[in-house]
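For reference, the chains in residue letters:
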Amino acid sequence: MIGFIAKRFINYAILSAIATLSAYVLASLILNPASRYLGRNPRPSDETINAILDGLGVNPNTPVIERLWAWIVNLVTHGSLGDTIHNTSVISEMTVRAGTSLRLLILGTIIAALIGVFLGVWGAVRQYKLSDQVISYGSFTVLAMPSFVIGILLMILATSLNNVLGIQLINFTGEYTAGLEGGWWVHFWDRAAHLLLPTISLALMGAAGYSRYQRSAMLDVLSADYIRTARSKGRTRGSALVRHGVRVALIPMSTYFAYSFATVLAGAAVTELVFSWHGMGEMLVQAIQQSDINAFTGAILFNAILILIAGTLADVVYAALDPRVRV
Amino acid sequence: MLTSATTTPHQPTSHLLEVRDLHVTFPQPGGAVTAVRGVNYHVDKGEFLGIVGESGSGKSVSSLAVMGLLPSSAKISGDILFEGKSLMGRSDKELSKLRGEGISIIFQDPLSALTPVYTIGTQIAEALQLHDSKLSKLAANSRAVELLKIVGIPNPERRAQAFPHEFSGGMRQRAMIAIAIANNPRLIIADEPTTALDVTIQAQILEVLQKAKDLTGAAVVLITHDLGVVAGNADRLAVMYAGRIVETGTVDQVFRAPSMPYTIGLLRSMPNLATAGHTRLVPLEGRPPQLSNLAPGCPFAPRCPAVIDACRTTEPPLTMINNEPLNASACLRVGQIASGELSRSTLYPVPEPVAAAQRAEVPPEHVMAVSELKRHFPLSKGSIFKHTIGTVRAVDGVSFQIRAGQTLGLVGESGCGKSTTIMEVLELAKPQAGQVVINGRDVASLSAKERRALRKDIQVVFQDPMASLDPRLPVQDIVGEPLTVHGVPAKERLKKVADVLELVGLDPSMASRYPHEFSGGQRQRIGIARALVTDPKIVVLDEPVSALDVSIQAGVINLLQDLQEKLGLSYLFVAHDLAVVRQIADDVAVMYLGRIVESGPTENIFDNPQHPYTRALLSAVPVPDPAIERSRTRIILDGDLPSPTEDITGCNFRTRCPLFRLMDEAAQQKCRTSDPQNRSVNGSDVACHHAEHIDLMTPA
Ligand SMILES: Nc1ncnc2c1ncn2[C@@H]1O[C@H](COP(=O)(O)OP(=O)(O)OP(=O)(O)O)[C@@H](O)[C@H]1O
Ligand code: SF4
Ligand code: SF4
Ligand SMILES: [Mg+2]
């Protein structure tokens, strides 16, 4: 059992390493960090630019392979991911931002999973009834909508709510209100209020996907013989489905969960931008905009590690749910 | 939800269960399917009722209706009374109180009937706690262990912690029985509880079911398609056809004096272990009607040899026979049949055997000789770092011969290595160990060209007629495919296809149709036609009739026999149904754990088996004759077939051998230490040290 998980973990770790290294190579080939300096006025001399780029280890004149090697050596010997173009270390940048993103991601994913599973089960049990159809259309609509549209729609709703109530009930710009006076409790409330919309936005998207998947997993289970057996023992249909069906239908969900985490991450980047959160998503987008290879690779590494953790967690959950894979 | 269509007050009943005029309809896009059309029956306290019928006759639907477990789309009318109270119109919640407590059910497929993620013990305890909220978890668990012990699971404390996938099919079915009897129900419905199991396991399960019935005093409704199973167990019998009960009576009444032509045909079409091989089977031509748009009149009319004009207009009601209240039959001519005016024995014409002039000459020689054939598979573990942890000895030294124009029946429980053996033979390549000689040539010495040529001579027919035919190809392409492989020109191919279709009794004009347009029996004929199209000398038949309904089986078996005589074919016939093997085989080889433990001429093996395993196997087969069944004592084998990875020293049947237990210490020691070699005893080739003492197993 432990061996199984350990093996999967090593698998994921190797995959994450490959993903990060490919990200580095890809970014080095596509992004042009020099362009940022060429457009300046006065334009710095070629030597100056070269010196800056060499200092960051991103000079396009050095072969990619050499730069990659230097990056790896730097990582292994100094535990450093290099510097951003703003001359801050990528690691320090990440530590500041990671907490922000994680708070959003973890909360959003957990809520998405809970709601998604619940809606999926509900929809399957009430297949083709009105509530099932409403859930289906709702989730398709959400799935079809780009994440920034959801964010903006939520903002519009919140604004009109605030207007109707005449107080600033829901805040949605940034992580907290700058310069807020008050005790611990006040700050907590402030952050929670700021967290509300981005979390809803993420959870909505996640839940839409999960609910579709859970619904179809449940439909497979609905007609299973063991549900009939459970009913023949004296369970009502509903209770047989909940006690015997959901548990089995959750098994494939754990794998889907791991895979869908990647898309949640992508959605989170947009959500952060829309709500002006300074998280890892913003870092990724800005890194691309500013042709910052080191920052980009750092952001990808962060994502890879999250996927690594999610994947391993999914395997643990899988094994916990399904005795057939335990050894 | 059950909804009552009748508004009349329920008449009181003294029966435990009474089903009155039950109708079940499933609305369907292509027209509603009325699966049950006016079923009436009753079960008394402690009674054992058997319900038999072919696939699709409505057996399961009518019993699910009693349990209130039909899908919500089903439209139900009529009345179901349990202990005098109607179950119609009750909510799922009310019915759930009764399910498991008053009535429980055992389903056919033990593989999928248990929830994979909970332990066996938990699932039994759940049944207990659902009906006794005061029962503590601890008490429920210990009662679950007790129940497992009652149904004969060894080591019940430990096995209660196991998950369903760690149980064999037979053990799961025992667990299902444990769940069913957990709350001492008054009625147990068993829906084909043994259909998916081997005969030796079937015998065990039926014994457990009887024991459970005796312990709880419950009445049992046993649903099956096997007339043999009911003959030995049931008190009364109901025969279903096309959604109705067409005949009912005590077991003796129905078996002795069947009075509905369908029952008569069914009984005559079944190969019977006690008589098979002496008489030709009488096929029941045609197939059951589609339930979606049923023609008026007797649904059996298209297949009935006694049909008269009136049969096509009025559907006969179930009418009492000879004023016997329990005996009834739904046939317009029941009076004539009961009085003997219409003779039961001549009702169905016995098909003529192949005329002597049409029989092919066969030289008396061996067409296939297999000796010491072995096929071991390494059992490995781990996905990245594979390492071998054992060997599966699927085939472990098998020898047999087939004479030209004759049939060798290869029998044994599932997992004993039958299929691997024939796969090895069909490879036509050098085996891992041993020798395969076909037509006098060792296949190991063949060149690639010779091997291809030999493939024409040896063909195969598989078990599942649907799965083995490509649904996207018309029948002529399917049948002609082996010819395409051998590069026969198209024109010649079509002619040959038409010929073989004719030969297997299909109209050559059907050649352009697709497999789904054919019935199960017809599909199996297509499979046989495909095997015959290359004019083979040897045909390997892997369970060719086991997927077919009894009434269809007989026709296919007769066809195989006729073809053999006309074309001089040799058959290697693999089957688990011993009655079918007795019907068709000249020689029989009995396999156990990769070995042939006994072989010899069919008569010898069936009448005078010398190996304890053969004895047990034969005694496990139910015979569709209540008198024989009652006088028989079964030899029940313990446990399941051991895994072929297990290393059993000495005789590999030792762990289950009933004879071993009867022997003295010195003799047992011999079984433990030395592997019995095949030797000739009383005309059979037997692998047992103590075959001479086999009669110890027959109780005096
Ligand atoms: N849920 C359903 N929807 C539509 N038709 C159904 C449904 N369940 C059963 N039927 C139809 O009802 C008929 C009777 O089915 P039933 O399962 O009772 O047969 P059976 O006698 O138990 O056969 P078997 O020996 O194969 O178990 C069949 O034609 C089947 O296709
Ligand atoms: S009613 Fe007619 S068709 Fe039906 S079984 Fe009797 S004789 Fe045959
Ligand atoms: S050799 Fe011994 S154990 Fe094997 S079958 Fe004969 S009596 Fe039984
Ligand atoms: Mg059935």
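Reading guide: rules and limits
- Residues numbered from 1 in each chain as written.
- Chains lettered and ligands numbered in written order.
- Predicted model: local features only at pLDDT ≥ 70, side-chain atom pairs only at ≥ 80, totals over all residues.
- Heavy atoms only, no water.
- Phe/Tyr/Trp six-rings, centres within 6.5 Å; stacked < 30°, edge-to-face > 60°.
- Helix = DSSP H or I, 4+ residues; strand = E, 2+ residues; numbered from the N terminus.
- Lys NZ or Arg CZ within 6 Å of the ring centre and 35° of its normal.
- Contact = heavy atoms within 4.5 Å.
- Salt bridge = Lys/Arg side-chain N within 4 Å of Asp/Glu carboxyl O.
- Polar contact = N/O pair within 3.5 Å; in protein donor to acceptor, adjacent residues only side chain to side chain.
- Nonpolar A, V, L, I, M, F, W, Y, C, P; charged D, E, K, R; others polar.
- Domains from an automatic or database assignment.
- Near = heavy atom within 4 Å.
- Axes fitted to C-alpha atoms, helices over the stretch in contact; angles between N-to-C directions.
- Parallel < 35°, antiparallel > 145°, perpendicular 65-115°, else oblique.

Asker: I keep staring at the packing of aromatic side chains and nothing clicks. Help me out?
Answerer: In this structure the tally under the stated criterion is 14 aromatic pairs over all chains. Geometrically, the ring pair formed by Tyr 24 of chain A and Trp 71 of chain A is tilted, given 5.2 Å between the ring centres and 35° between the ring planes. Of this pair, Tyr 24 of chain A sits in helix α1 (residues 2-30) while Trp 71 of chain A sits in helix α4 (residues 64-78), and the two are 47 residues apart along the sequence. Measuring from centroid to centroid gives 5.3 Å for Tyr 241 of chain B and Phe 300 of chain B, while their planes differ by 85°, and the two rings are edge-to-face. Here the residue Tyr 241 of chain B occupies a position in strand β9 (residues 236-241), and Phe 300 of chain B occupies one in the loop between α10 (261-269) and β11 (319-321), the gap between them amounting to 59 residues. Taken together, Tyr 210, Tyr 213, Tyr 256 and Phe 257 of chain A form an aromatic cluster joined through their ring pairs. Arg 228 of chain A extends its terminal NZ or CZ atom over the ring of Phe 107 of chain B, reaching a point 3.8 Å from the ring centre.

Asker: What's the story with the interface of chain B and chain A in this structure? I'm lost.
Answerer: How big an interface is tends to be expressed through the accessible area that disappears when the partners come together. Each side of the interface is counted separately: chain B has 31 residues, and chain A has 22 residues. The interface formed by chain B and chain A holds three salt bridges in total. Of the charged contacts, one joins Glu 126 of chain B and Lys 233 of chain A as a salt bridge, the two residues approaching to 2.8 Å between their closest N and O atoms. For the pair chain B and chain A, the interface holds 15 residue pairs in polar contact (both at pLDDT 80 or more). Sort the elements by how many residues they give to the side of chain B that touches chain A and helix α3 (residues 120-131) of chain B lands first, with five residues. Grouping the constituent residues of the side of chain B that touches chain A by class yields 17 nonpolar, nine polar and five charged.

Asker: What exactly am I supposed to notice about the domain arrangement of chain B here?
Answerer: Examined at the domain level, chain B breaks down into domain 1 (109-182), domain 2 (247-347), domain 3 (360-592) and domain 4 (603-697). Centre-to-centre separation of domain 1 of chain B and domain 2 of chain B, based on C-alpha positions: 42 Å.

Asker: Would you take a moment to explain the site of ligand 1 for this structure?
Answerer: Residues and elements named next belong to chain B. Inspection of the region around ligand 1 gives 14 residues, with Ser 55, Gly 56, Lys 59, Ser 60 and Val 61 positioned closest. Contact distances for ligand 1 include 3.0 Å between an oxygen atom and a backbone N or O atom of Gly 58. A distance of 2.7 Å is found between an oxygen atom of ligand 1 and a side-chain nitrogen or oxygen belonging to Lys 59. Looking at the shell around ligand 1, the element that brings in the most residues is helix α1 (residues 59-67), giving three residues.

Asker: Just to check I follow, could you spell out the packing of helix α10 (residues 237-274) of chain A against helix α12 (residues 293-321) of chain A for this structure?
Answerer: When two helices pack together, their arrangement is given by the angle between the helix axes and by the axis-to-axis distance. Residue and element names in this part refer to chain A. It is the contact of α10 with α12, at a shortest axis distance of 9 Å, that shows an interaxial angle of 180°. Taken together, α10 and α12 sit at an angle that is classed as roughly antiparallel. Judged by residue contacts, Arg 247, Leu 250, Ile 251, Ser 254, Thr 255, Ala 258, Phe 261, Ala 262 and Leu 265 of α10 engage Asn 303, Leu 306, Ile 307, Ala 310, Gly 311, Ala 314, Val 317, Tyr 318, Ala 320 and Leu 321 from α12. In the contact of α10 with α12, the residues fall into 14 nonpolar, four polar and one charged.

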